Amino acid sequence: MSHGIRIVLVETSHPGNIGAAARAMKVMGLGQLVLVDPRCEVGSEARARASGAVDLIDDALTVPTLAAALEGVHFVAGTSARSRRLGPEVVDLRSGVRDWAEGIGDGASAIVFGPERTGLDNAALDRCNALWRIPTAGDYASLNLAAAVQVVAYELRLVQDYDAGGMPEEAAAIAPAEEVAALCEHFGRVAGRVDAINPQAPRLGLRRVQRLARRARPESSEVKLLRGFLSAVERAISALEASEEKS
């Protein structure tokens, strides 16, 4: 039922939240829990709060970085209550889940939750194709981490039960997140060599490219095409530089 959905918890500081998140996942049919650099011991308290979902705690993958957690993923949704000027557009959860169901197919997906106190930082948001916001009262938008996981898992359950006939297979060719990240890094290197990025704010230009690439959701073949073009540009630049050195 879960269509390769990973629930990714970044730098969680309270073991009870990890256990309660596991329980929230299991009751909605989700089974892949990934912990990024947890700031607490995932021990007895987490297992107690997990109740009947202790198997998710035992099987959880613990990794040091978000990049490692997203290996092989085709779509990344971050959870956030705040808009960023250069980040993905923030959409209400139900609309975001519906867009995901219509566009991702059977490719692996990750839903990312940030630390309890600060939420996802800009570096994490830059890795997201979309940002999902749980509608709350306007004057108080802070949800407990496990409660947020429960609400998101519920919406995922609803849309997948509704689409019981399956999601479109043609969308499964969307490039994994690491391929898109490598494309953006490649573009940054080439743009730097031809002075196409403002040297005073190189990260700003690169973040705009990242936002464009993740919004476009390119297929693997399209990423290869673009990287082939960038490699050709690099070869041409190197040849020109070698010619100038000889002269």
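In this text the structure is predicted, and so the values were computed from the model without any measurement.

1. A short note on the confidence of the model for the protein
- For the protein, mean pLDDT is 86; residues scoring 70 or higher make up 90% of the total.
- This model gives residues 164-172 a pLDDT under 50, and the stretch forms 15 contacts once residues within four places in sequence are excluded.

2. Considering the packing of aromatic side chains
- Counting across every chain of the model gives 1 aromatic pair.
- With 6.3 Å between their ring centres and 35 degrees between their planes, Phe75 and Trp132 make a pair best called tilted. A residue pair is termed long-range when its members are at least 10 positions apart, and Phe75 in strand 4 (residues 75-79) and Trp132 in strand 7 (residues 130-133) qualify at 57 residues.
- For Phe75, a relative accessible area of 1% corresponds to the buried category.
- A residue is classified by how much of its surface remains accessible, and Trp132, at 2% relative accessible area, is buried.

3. Description of unusual backbone geometry
- Its identity is not glycine, yet Asp37 carries a phi of approximately 45 degrees, on the positive side.
- Taking the relative accessible area as the measure of exposure, Asp37 reaches 30% and is therefore partly exposed.
- Positive phi is not limited to glycine here, since Asp195 has a value of about 55 degrees.

4. Observations concerning empty space enclosed by the protein
- According to the stated counting rule, one finds 2 cavities of 30 Å³ or more in the structure shown.
- Each pocket or cavity is described by its volume, and for the second largest cavity that value is around 50 Å³.
- Lining the second largest cavity are His74, Val76, Arg127, Asn129, Ile174, Ala175, Pro176, Ala177, Val180, Arg214, Arg217 and Pro218.

5. Points about the pairing of strand 1 (residues 5-10)
- A large share of strand 1 lies buried, amounting to 6 of its 6 residues.
- The two faces of strand 1 match: Ile5, Ile7 and Leu9 on one face and Arg6, Val8 and Val10 on the other face are all buried.
- Sheet topology note: the strand 1/strand 2 (residues 32-36) ladder contains 5 bridges and is parallel. Note on strand 2: the bridge partner recorded for Arg6 is Gln32.
- After leaving strand 1, the chain enters helix 1 (residues 15-27) and then returns to the sheet as strand 2, a path that is right-handed.

6. Regarding the pairing of strand 7
- Pairing between strand 4 and strand 7: 3 bridges, direction parallel. Residue Thr79 lies in a different strand from strand 7, and its bridge partner there is Trp132.

Conventions used here
- Residues numbered from 1 in each chain as written.
- Predicted model: local features only at pLDDT ≥ 70, side-chain atom pairs only at ≥ 80, totals over all residues.
- Heavy atoms only, no water.
- pLDDT = per-residue confidence, 0-100.
- Contact = heavy atoms within 4.5 Å.
- Phe/Tyr/Trp six-rings, centres within 6.5 Å; stacked < 30°, edge-to-face > 60°.
- Helix = DSSP H or I, 4+ residues; strand = E, 2+ residues; numbered from the N terminus.
- Buried < 20%, exposed > 50% of the residue type's maximum accessible area, 1.4 Å probe, protein only.
- 1 Å grid on protein atoms, 1.4 Å probe; cavity = no way out; pocket = protein on both sides within 12 Å on 5 of 7 lines; lining within 4 Å.
- Points joined across faces, edges and corners; volume = space filled by probe spheres on them.
- Pairing = 2+ DSSP bridges.
- Right-handed = clockwise from strand over helix to strand, strands pointing away.

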